[in-house]
Amino acid sequence: MTSNKSIINYTITDEAPALATHSWLPIVQGFTKTANIEVQTKNISLASRILANFPENLSKDQKQEDALTELGALAKSAEANIIKLPNISASLPQLNATIAELQAKGFDIPSYPEGNSDSDKEIKGRYAKVLGSAVNPVLREGNSDRRAPKPVKEFARKNPHSMGVWSSDSQSHVATMGENDFASNEKSTTVTNTTTVSILHTDTQGNTTTLKSEVTLLNGEIIDSTALSKKALVSFIEKEIADAKANGILFSLHMKATMMKVSDPIIFGHVVKTFFKDVFEKHGDTLASIGANPNNGLGNILKQLGDLPADKEAEIKADIQACIDNGPALAMVNSDKGITNLHVPSDVIIDASMPAMIRNSGQMWNANGESQDTKAVIPDSSYAGVYQSTIDFCKKHGAFDPTTMGSVSNVGLMAQKAEEYGSHDKTFEIATEGVVKVVNEEGNTLLEHNVEAGDIWRACQTKDLPIQDWVKLAVNRARATNTPAIFWLDKNRAHDAELIKKVNTYLPNHDTTGLDIRILSPVDATEFSLDRIKDGLDTISVTGNVLRDYNTDLFPILEVGTSAKMLSIVPLMNGGGLFETGAGGSAPKHVQQFVEENHLRWDSLGEFLALAVSLEHFAEKNGNDKAQILADTLDEATIKLLDTDKSPSRKVNEIDNRGSHFYMALYWAEALANQNENEELKAIFTPLAETLKANEATIAQELLATQGNEVELEGYYFPSDSKASAAMRPSATLNNTIDNF
Ligand SMILES: NC(=O)C1=CN([C@@H]2O[C@H](COP(=O)(O)OP(=O)(O)OC[C@H]3O[C@@H](n4cnc5c(N)ncnc54)[C@H](OP(=O)(O)O)[C@@H]3O)[C@@H](O)[C@H]2O)C=CC1
Ligand SMILES: O=C(O)CCC(=O)C(=O)O
Ligand SMILES: [Mg+2]
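Since this is a predicted model, take the numbers as computed values, not measurements. (Residues numbered from 1 in each chain as written. Chains lettered and ligands numbered in written order. Predicted model: local features only at pLDDT ≥ 70, side-chain atom pairs only at ≥ 80, totals over all residues. Heavy atoms only, no water.)

Novice: How do you make sense of the overall build of the chain when you look at a structure like this?
Specialist: Looking only at helices and strands, the chain has 27 helices and 24 strands in total. The C-alpha atoms of the chain give 26 Å as radius of gyration, which agrees with the globular expectation for 741 residues (27 Å, within 12%). When its C-alpha atoms are laid out on the principal axes, the chain stretches across 80 × 65 × 60 Å. Taken over 741 residues, the chain has a buried fraction of 59%. Put simply, of all contacts in the chain between residues at least 6 apart along the chain, 78% involve residues at least 24 apart. Element-wise, carbon and sulfur atoms account for 47% of the exposed surface of the chain, whose accessible area totals about 28,600 Å². Taking the average place of the 69 positive charges on the side chains of the chain and the average place of its 99 negative ones, the gap between the two points comes to 2 Å. (Helix = DSSP H or I, 4+ residues; strand = E, 2+ residues; numbered from the N terminus. Rg over C-alpha atoms; globule rule 2.2 N^0.38 Å. Buried < 20%, exposed > 50% of the residue type's maximum accessible area, 1.4 Å probe, protein only. Contact = heavy atoms within 4.5 Å. Areas by Shrake-Rupley, 256 points an atom, 1.4 Å probe, with all protein chains shown as cover. Lys, Arg positive; Asp, Glu negative; His and termini not counted. Charge placed at Lys NZ, Arg CZ, Asp CG, Glu CD.)

Novice: How should I be thinking about the site of ligand 2 in this particular structure?
Specialist: Inspection of the region around ligand 2 gives Ser89, Ser133, Asn136, Arg140, Arg146, Lys256, Met259, Asp351, Arg548, Asp549 and Ala583 as its neighbouring residues. Contact between ligand 2 and lysine 256: an oxygen atom at 3.0 Å from a side-chain N or O atom of the residue. Contact with the protein chains hides 89% of the accessible area of ligand 2, taken as 300 Å² for the molecule alone. Along the lines of polarity and charge, the residues of the shell around ligand 2 split into two nonpolar, three polar and six charged. (Near = heavy atom within 4 Å. Polar contact = N/O pair within 3.5 Å; in protein donor to acceptor, adjacent residues only side chain to side chain. Nonpolar A, V, L, I, M, F, W, Y, C, P; charged D, E, K, R; others polar.)

Novice: Explain the coordination of the magnesium ion (ligand 3) to me, please; I cannot follow it from the model alone.
Specialist: In an ideal tetrahedron of four donors about a metal, each angle is 109.5 degrees. In an ideal octahedron of six donors, the angles are 90 or 180 degrees. Protein ligation of the magnesium ion (ligand 3) involves Asp351 (OD) and Asp549 (OD), the donor distances falling in the range 1.9 to 2.1 Å. Remark: aspartate 549 occurs in helix α19 (residues 545-560) and aspartate 351 occurs in helix α14 (residues 350-359); sequence separation between them is 198 residues. The class for aspartate 351 is buried, based on a relative accessible area of 7%. (Donors = N, O, S within 2.8 Å, 3.2 Å for Na, K, Ca; no water.)

Novice: When you look at the packing of aromatic side chains in this model, what are you seeing that I'm missing?
Specialist: Each aromatic ring pair is characterised by the separation of its centres together with the angle its planes make. Counted under the stated rule, the structure contains 20 aromatic pairs. When the centroid spacing of 6.0 Å and the interplanar angle of 80 degrees are considered together, the rings of tyrosine 383 and tyrosine 550 count as edge-to-face. Linking tyrosine 383 in the loop between β14 (371-377) and α15 (384-397) with tyrosine 550 in helix α19, this pair joins segments that are 167 residues apart in sequence. Across the pair, exposure class does not vary: tyrosine 383 and tyrosine 550 are buried alike. Every member of this aromatic cluster is reached through a ring pair, and the members are Trp24, Phe31, Phe608, Trp668, Phe685 and Phe741. The cationic tip of arginine 458 hangs over the ring face of phenylalanine 182; the distance from NZ or CZ to the ring centre is 4.0 Å. (Phe/Tyr/Trp six-rings, centres within 6.5 Å; stacked < 30°, edge-to-face > 60°. Lys NZ or Arg CZ within 6 Å of the ring centre and 35° of its normal.)

Novice: Whenever I open this one, helix α22 (residues 625-643) confuses me. Can you help?
Specialist: For an α-helix, 3.6 residues make a turn, and residues three or four places apart therefore share a direction. With 19 residues, α22 should reach 27 Å at 1.5 Å per residue; the first-to-last C-alpha distance of 27 Å fits that figure. Within α22, burial applies to Lys626, Ala627, Ile629, Leu630, Ala631, Thr633, Leu634, Ala637, Thr638, Leu641 and Leu642. Tucked inside the fold, the buried residues of α22 contact α1 (15-32), α7 (150-158), α21 (605-622), α23 (657-674) and α24 (679-694). By the N-cap criterion, in which a side-chain oxygen at the helix start approaches the backbone nitrogen of a residue two or three places on, α22 is capped by asparagine 624, the distance to lysine 626 being 3.0 Å. (Expected span 1.5 Å × (residues − 1).)

Novice: Honestly, the sheet that holds strand β8 (residues 208-217) in this entry has me stumped. Any pointers?
Specialist: Sheet strands pair via backbone hydrogen bonds, and the direction of the pair is either parallel or antiparallel. Taken in spatial order, the four strands line up as β8-β7-β17-β18 in an open sheet, and their pairing is antiparallel. Looking at strand neighbours, the two that pair on one side only are β8 and β18 (445-451), the edges of this open sheet. When strand polarity is set aside, the average angle formed by the axes of neighbouring strands in this sheet is 15 degrees. (Pairing = 2+ DSSP bridges. Axes fitted to C-alpha atoms, helices over the stretch in contact; angles between N-to-C directions.)

Novice: Mind showing me how you'd approach the pattern of salt bridges here?
Specialist: Where charged atoms from two side chains of opposite charge come close, those side chains can pair. Within this structure, the stated rule accounts for 37 salt bridges. Across the pair aspartate 425 and lysine 426 runs a salt bridge, and its minimum N-O distance is 2.8 Å. Assessed through its relative accessible area of 41%, aspartate 425 is described here as partly exposed. Among the residues examined, lysine 426 registers a relative accessible area of 3% and is labelled buried. One salt-bridge network, in which partners are shared between bridges, spans Glu186, Glu420, Arg493 and Asp496. (Salt bridge = Lys/Arg side-chain N within 4 Å of Asp/Glu carboxyl O.)

Novice: Explanation requested: the layout of surface pockets in the structure shown.
Specialist: Rolling a probe over the atoms, with the probe sized like a water molecule, indicates the empty space that remains. A volume near 650 Å³ is recorded for the second largest pocket. Along the walls of the second largest pocket sit 29 residues, with Arg147, Ala148, Pro149, Lys150 and Arg477 positioned nearest its centre. Elements with a minimum of two residues in the lining of the second largest pocket: β4 (144-147), α7, β15 (408-412), α16 (464-481), β22 (539-543), β23 (567-571), α21 and α22. Among the elements that line the lining of the second largest pocket, the one with the most residues is α7, at five residues. Of the residues assigned to the lining of the second largest pocket, the class counts are 11 nonpolar, seven polar and 11 charged. (1 Å grid on protein atoms, 1.4 Å probe; cavity = no way out; pocket = protein on both sides within 12 Å on 5 of 7 lines; lining within 4 Å. Points joined across faces, edges and corners; volume = space filled by probe spheres on them.)

Novice: So what exactly am I meant to see when it comes to the environment of proline 55 here?
Specialist: Mapped onto the elements, proline 55 comes out in the loop between α2 (46-53) and α3 (67-74). In this structure, the C-alpha to C-alpha distance between proline 55 and valine 595, residues 540 residues apart in sequence, is 31 Å. Ignoring anything within four residues of it in the chain, the contact list for proline 55 reads Lys63 and Arg126.

Novice: I'm lost on the site of ligand 1 in this one. Help?
Specialist: The environment of ligand 1 is formed by 23 residues, the closest being Gly585, Ser586, Ala587, Arg601 and Arg650. Between ligand 1 and the protein, one listed contact pairs an oxygen atom with a side-chain N or O atom of arginine 601 at 2.6 Å. In this structure, aspartate 603 approaches ligand 1 through a main-chain N or O atom, which is 2.9 Å from a nitrogen atom. Surface burial for ligand 1 is 82%, taken as the share of its 870 Å² of free accessible area covered by protein chains. With three residues, the single largest contributor to the shell around ligand 1 is helix α20 (residues 588-597). Split into classes, the residues belonging to the shell around ligand 1 amount to nine nonpolar, nine polar and five charged.

Novice: I would appreciate a short explanation of the nonpolar core in the present structure.
Specialist: For soluble globular proteins, the rule of thumb is that nonpolar side chains tend to be buried together. Of all hydrophobic cores here, the largest spans 58 residues; its most connected members are Trp24, Leu615, Trp668 and Leu692. The contacts of leucine 692, once residues within four sequence positions are left out, are Phe662, Ala665, Leu666, Ala669, Ile699, Leu734 and Thr737. (Core = buried A, V, L, I, M, F, W, Y, C linked by side-chain atoms within 4.5 Å.)

Novice: Looking at this structure, how should I read the side chain of aspartate 181?
Specialist: Mapped onto the fold, aspartate 181 is located in the loop between β5 (173-175) and α8 (182-185). Within the buried core, aspartate 181 has no salt-bridge partner, and the shortest N-O distance to an opposite charge, that of arginine 458, equals 9.0 Å. For aspartate 181, the side chain forms a polar contact with the side chain of serine 184, separated by 2.6 Å. Setting aside residues no more than four positions away along its own chain, aspartate 181 makes contact with Thr226, Ala227, Leu228, Pro379, Asp380 and Ser381.

Novice: In this structure, what is going on with empty space enclosed by the protein? I would like to understand it.
Specialist: In total, this model carries five cavities of 30 Å³ or more according to the counting rule given. Approximately 260 Å³ is the volume attributed to the largest cavity. In terms of residues, the lining of the largest cavity owes the most to one element, helix α10 (residues 263-275), which gives three residues. Its residues assigned to classes, the lining of the largest cavity shows 13 nonpolar, three polar and five charged. When its volume is computed, the second largest cavity comes out at roughly 80 Å³. Surrounding the second largest cavity, Ser23, Ile27, Arg658, Leu703, Met728, Arg729, Pro730, Ser731, Leu734, Asn735 and Ile738 form its lining. Among the elements that make up the lining of the second largest cavity, the one with the highest residue count is helix α27 (residues 732-739) (three residues). For the lining of the second largest cavity, a count of residues per class yields six nonpolar, three polar and two charged.

This is a description of form; function is not addressed.
Quick look at the structure:
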């Protein structure tokens, strides 16, 4: 048996990255076994996580190991070496679709309950472990270091992606509340002793309900609480809908319903209810009776309408259409199919959607498939200013130029469920007017807010050790790159003010002589970084968890066209390593293209970069020189792949994901054959390189010949393994060479 030490864990996830793995992993396993490294798979796909949580009615071969829990435990140990590909963070419509697919395949698992009986609550509680962003917070036992590697940046400079021009009279802008929202109502404190707190709601009659008990706070931990007013939200949305209509610009909503899985679907639902106000006023009871939940989007409502008698269905559909006709034009997700911005809460995810809009001249797509100026609605004002500043900058200076622009990398505070992204279990939709308090064991109130029915109240925690580690990582990156590091913290925001105190306490623990380290508000930091980026200069953004997420899509998408090409390292606090692939997600539309025309445009560059750093980490931990050589030669191969333009094309009948994997195998083998540090590896890889090279034309042809037809994967969330593998490995010549190596 191999000890945990000689194992690299490679995650099986969903959608495009899971397909890519069928083709890339056999190559990786073939190469790494030469250094006695076992690359072991761990299935953390959405389907697999559901099955792992509902084992009781499954047969022996249907049962799945709870790979996520295992990896979560491993992430806390020094042995961890995990390569994490992007996975689906499921919205409720995606969860329901996966459950239905599994049930149809004979897996006896419960449907997601609509009611609130005790047994419903129990099932919902178990699904809560799978819903939304349920993987990353479990594995992220460290802070994050994300940057565009030098070859990627150089490639983008020589081969710039398209960039929409900006006009100074663009009407596009960000609309945000600015008052009665999470940002403006925030309160924060740092506890000085380990304690346990409860979250209590007391109504106007004095009746107290415990919303949550037994929340442990460690010494030095920061706790915030805040509330967003439902009334203020609804009147803000009404105003912005009218304004978009008056100004003839698109209305679009940008949320993170996946990661902020409790608060953001509720906010999304209020926007749907406000946009379709007439429909809900007239048919609210009917809609509720058929389980049409606005929080799941217009798409869900339209689907549920099918349960009504035909005349009622037609009547409500006509009223929905009237709201669309009378309202402002909605930004579209897919204008050909009539999918609007309000159809599915997980279709428009702010980290990727705002940069895509900024890259596209500040415009989104209208119902005719044309791009148009847009009002981007970001209700909470905590971070909205970053996007407005970027828009202002583009209006003033024009679009960024990828051939000359500098780079903004990120050091992000995310360990141990830091900040907002760990708030799900402490977020509540308030039932009745009253007060919500965070109370400690001694009965002292740490934080309190007056609330009204429908308000969203939440508390966030940020532990001290992760903050210390984050400050250290920031100084290390500033030192390693001799680049200014900016802490994006606003002294006027309650949470940030607590964090600033800690940054000022911990910075002196490090040698910062000669380094340019500053603390600026997010808006000032944006302006500072954009001014530099325009002049070709680099800056490190040192941010909290949400801005980590936003900045690591915003800057990469502007700089190199996609965040999939980012190096994304998570030095785990207990000494292990988690290597994420890029910052980009699982790109559902790539799968759609694959099943329609057998062309997978997913770029595995993130996987190549992550594997190289994982191998390097392995080499250091285990004193394994061969692993280091594998890492160095893999990086060489990646550079050659970029230089020779063998990355996947977007168009059918041109090189795709599989073709790029073949060239990686060839270039990696050649680099190993050409190195002289290790004769054994040289001897092993020389014949492989020769065989691959001799068969280059045949393999390339075999890989191309398969394109152009539909592919049957027998499922979306739980496709057939053998079908997917066969589809992703269509070259018999390549398979023979790799499998017999
Ligand atoms: N770390 C994680 O686990 C993450 C998971 N997600 C999940 O991914 C799903 C989709 O999220 P979404 O916000 O649309 O973000 P995506 O990053 O999946 O999509 C945005 C766009 O980026 C481009 N892109 C992303 N990755 C690649 C790649 N490797 N190769 C080529 N192009 C790429 C594609 O654009 P185009 O094809 O138009 O060029 C894609 O449509 C959701 O389920 C979300 O929860 C999202 C982010 C991170
Ligand atoms: O976990 C998720 O839902 C998405 C993660 C993400 O977008 C990121 O880490 O950049
Ligand atoms: Mg992200």
